[in-house]
Amino acid sequence: MFTPLQVGNELAAVAAGPPATVVGGSLTTVVGLLLLVLLAVVIYETVQIVDAYEKQALTVFGEYRGLLEPGINIIPPFVSRTYTFDMRTQTIDVPRQEAITRDNSPVTADAVVYIRVREAKRAFLEVDDYKTAVSNLAQTTLRAVLGDMELDDTLNKRQEINSRIRTELDEPTDEWGIRVESVEVREVNPSQEVQKAMEQQTSAERRRRAMILEAQGERQSAIENAQGDKQSNIIRAQGEKQSQILEAQGDAISTVLRAKSAESMGERAIIEKGMETLEGIGHGESNTFVIPQELSSLVGRYGKHLSGSDVSGDGTELGSLEFDAETRELIGLDDIDEILNQISQEADVDPADLEEQAEAVQRGEDTGLQNADEVIEEMDAELDNGGSDET
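Definitions and cut-offs
Residues numbered from 1 in each chain as written. Predicted model: local features only at pLDDT ≥ 70, side-chain atom pairs only at ≥ 80, totals over all residues. Heavy atoms only, no water. Salt bridge = Lys/Arg side-chain N within 4 Å of Asp/Glu carboxyl O. Helix = DSSP H or I, 4+ residues; strand = E, 2+ residues; numbered from the N terminus. Buried < 20%, exposed > 50% of the residue type's maximum accessible area, 1.4 Å probe, protein only. Pairing = 2+ DSSP bridges. Axes fitted to C-alpha atoms, helices over the stretch in contact; angles between N-to-C directions. Contact = heavy atoms within 4.5 Å. Phe/Tyr/Trp six-rings, centres within 6.5 Å; stacked < 30°, edge-to-face > 60°. Lys NZ or Arg CZ within 6 Å of the ring centre and 35° of its normal.

**Regarding the pattern of salt bridges**
Scanning the model with the defined rule gives 14 salt bridges in all. Of the charged contacts, one joins Arg 186 and Asp 110 as a salt bridge, the two residues approaching to 3.4 Å between their closest N and O atoms. Here Arg 186 is found in strand E8 (residues 178-190), whereas its partner Asp 110 is found in strand E7 (residues 106-117), with 76 residues between them in sequence. For Arg 186, a relative accessible area of 43% translates into the label partly exposed. Asp 174 serves as the salt-bridge partner of Arg 118, at 3.8 Å between the closest nitrogen and oxygen. With Arg 118 in the loop between E7 and helix H3 (120-125) and Asp 174 in helix H6 (residues 158-175), this residue pair connects regions lying 56 residues apart in the sequence. Its relative accessible area of 43% is what places Arg 118 among the partly exposed residues.

Have a look at this one:
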């Protein structure tokens, strides 16, 4: 095969003239070359290669003949034209649009539309430029959807906006053989004045929340302090109550001891008074004495308690002896030890027990503590029982 340079050289030689034999040979060569070039052009026009992700619409003399599938296709040369359609998902940017919301707030928004050619024949016959058509339709739909919503909804309900725009685009694009796969609104921005007002509102809301949180913290702190003071007052009151109970018990025991002492010493005082009377009688002139039976009985009883008998066997003076069991019971010496032990036990109170009793008092439960009156009544009952036994 000859190169274009060789063909040009041959043509130049032919134009130069003689000899005649050379001219004849050159013409044959040129004709052959022209036939080869024509054949190459015919083959190029006849064979059409379609990529795997494309389809091509074929027209012959302006008449639609069909779609060329991916691969090698044979078409009529010189009278055919093809129009390529990309069958993959395509992205269309929707320019920024200005709209007025339903509550008269100006906003601007832009979006992205994802489409795919579903029927290349309809995309070729029903619409001039399907990309431009979808973009223009998406712009008008975006403005219409934003104008039908309030400002807060346009800022917060992106999914609703996307769904409504896609629904509005589905019907007309189906007639064009185009399927809208999804719509994504990228930004919705209110005007500068509205943005400033929203920023001020957000700042005020944050300050309000901070004040509420601070007030709640102070309230909780005050509640905890009050509960602590209340618990402390309860424990302090319980301690004071226990102290008063013990003090009252001590006073009651002291009163009982004094009463017992007065009771035990009453007979001795009578005897001493009788002795003084007898001494006064002895200084008189008369040798005859009349002693009341009660006085002699008390004197004998007192002497018996002191010596164990009325008169010593050898005639010596009476000796003082230790108190026997009857005398100790009479004057309540054993009871004194028990009472002192009880006081010691009542005074030995664990602070933890006081705190538990304070909580029980707060809940209204019975703590089991006895008041002073109950203690005195119990002691009086014991003393009365002892006196009855003595009698």
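**A word on the sheet that holds E8**
Ordered by their spatial adjacency, 3 strands build an open sheet running E6-E7-E8, and the pairing between neighbours is antiparallel. Each having just a single partner strand, strand E6 (90-100) and E8 make up the two edges of the open sheet. The sheet shows a mean angle of 20° between the axes of neighbouring strands, direction not considered. In this structure, E7 lies alongside E8, joined through 11 bridges in antiparallel fashion. By the bridge assignment, Arg 116 is partnered in E8 with Arg 179. Lying on the sheet, helix H4 (residues 130-147) is in contact with E6, E7 and E8; it crosses E6 at an angle near 35°. Here H6 sits on the sheet and contacts E7 and E8; the angle it forms with E8, its principal contact strand, is near 140°.

**A look at the packing of aromatic side chains**
For the structure shown, the criterion picks out 4 aromatic pairs. Between the aromatic rings of Phe 85 and Phe 124, the centroid separation amounts to 6.3 Å while the plane-to-plane angle is 85°, which identifies the pairing as edge-to-face. Here Phe 124 lies in helix H3 and Phe 85 lies in strand E5 (residues 80-86), a separation of 39 residues in the sequence. By relative accessible area, Phe 85 is classed as buried at 6%. Through a chain of ring-to-ring contacts, the aromatic side chains of Tyr 64, Tyr 83, Phe 85, Phe 124 and Tyr 130 assemble into a single cluster. Sitting above the plane of the Tyr 53 ring, Arg 88 keeps its charged end 3.9 Å from the centroid.

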